[in-house]
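# Working through the structure, step by step
Chain residues, written in single-letter form:
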Amino acid sequence: MIPIKTPQEIESMRATCRLAARTLRMIEAHIRVGVTTLALNDLCHDFILAHGALPSPLNYKGFPKSICTSVNHQVCHGIPGDRVLRDGDIINIDITTHLDGFHGDTSRTFIVGMPGPKAEKIVAVARECLAVGIEAVVPGGYVGDIGAVVEAHALKNRCSVVREYCGHGIGRQFHEEPAVLHYGLPGTGPELRPGMIFTIEPMINLGKAAIRHLPDRWTVVTRDHSLSAQFEHTILVTDTGREVLTAPELLGD
Ligand code: MF3
Ligand code: CO
Ligand code: CO
């Protein structure tokens, strides 16, 4: 069963998603050559606590830090540490907040210093893949419509879609139904209904789709070491379309 959120639950989701978006905007100013991923983690951790929330990743299934930082060929779930960002790196920062019992989840990939052409391409294609996925969210449509347009956009640009990780329903649980695959066929899967809330978060590789895990058992990397980028928003299905709950445009400041 896919939860349909009540108006009150939707208000709570707006608040936690706004905080997640605000945290991501805060950290953007600190991303530069020479900074460590741990320093970025600590700034986000403190910001989230100062706003009365907890970072959902911390201790989630044993994850040791408060955000995920995934650099270059790291696909997702990178663990913040003493790695120093260098000129031309790309870094995905994935923020999930737990505020008043509800989770909000959003990520973006940033380019550090001077972008190279490969970095620019994969970041642009990943951003566009999320955008086309969001546009496919309409009541009466299907979850499979989202994956179909995301995959088509990636393939059109000769990039590939990671298949092992997907978007997810979100609310009182970090990960709920439905699973939102970033590939597949239109008209398949559950029907989209007003009040559903889920993430779309395609992981797009410049090379092949295959991934493996680093020995830390969390960090996911591309097998062929090609660059990987990801963007994520939390989306509410509305009567007429969708509301992007983690859109920075909604911050109003
Ligand atoms: N925020 C990630 C997602 O988009 C999940 C991170 S789980 C963690 O679903 F344990 F790695 F933090
Ligand atoms: Co997510
Ligand atoms: Co996330």
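See the structure above.
Below, the structure is looked at part by part.

Core analysis: the largest hydrophobic core is formed by 31 residues, its most contacted members being Ile90, Ile122, Val137, Ile146, Phe198, Ile200 and Ile204. Broken down by element, this core gets its largest block of residues, eight residues, from helix α3 (residues 117-135). Ignoring any residue separated from it by four or fewer positions in sequence, one finds Ile204 in contact with Ile122, Val125, Ala126, Cys129, Ala154, Cys159, Ser160, Val161, Leu227, Ser228 and Ala229. Formed by 21 residues, the second largest nonpolar core is a distinct cluster that contains Ile27, Val71, Ile93 and Phe110.

The step from Glu177 to Pro178 runs through a cis peptide bond, and the omega angle for that step is 0 degrees. As for its position among the elements, Pro178 is in strand β8 (residues 176-180). Phi angles above zero are rare outside glycine, and Lys61 is one such case at about 50 degrees. Inspection of the secondary structure puts Lys61 in the loop between β1 (54-55) and β2 (68-71). A residue is classified by how much of its surface remains accessible, and Lys61, at 68% relative accessible area, is exposed. One non-glycine residue, His77, adopts positive backbone phi at about 65 degrees. Mapped onto the secondary structure, His77 falls in the loop between β3 (74-76) and β4 (90-99). The exposure class of His77 is partly exposed, given its relative accessible area of 26%.

The rules behind these values
Residues numbered from 1 in each chain as written. Chains lettered and ligands numbered in written order. Predicted model: local features only at pLDDT ≥ 70, side-chain atom pairs only at ≥ 80, totals over all residues. Heavy atoms only, no water. Core = buried A, V, L, I, M, F, W, Y, C linked by side-chain atoms within 4.5 Å. Buried < 20%, exposed > 50% of the residue type's maximum accessible area, 1.4 Å probe, protein only. Helix = DSSP H or I, 4+ residues; strand = E, 2+ residues; numbered from the N terminus. Contact = heavy atoms within 4.5 Å.

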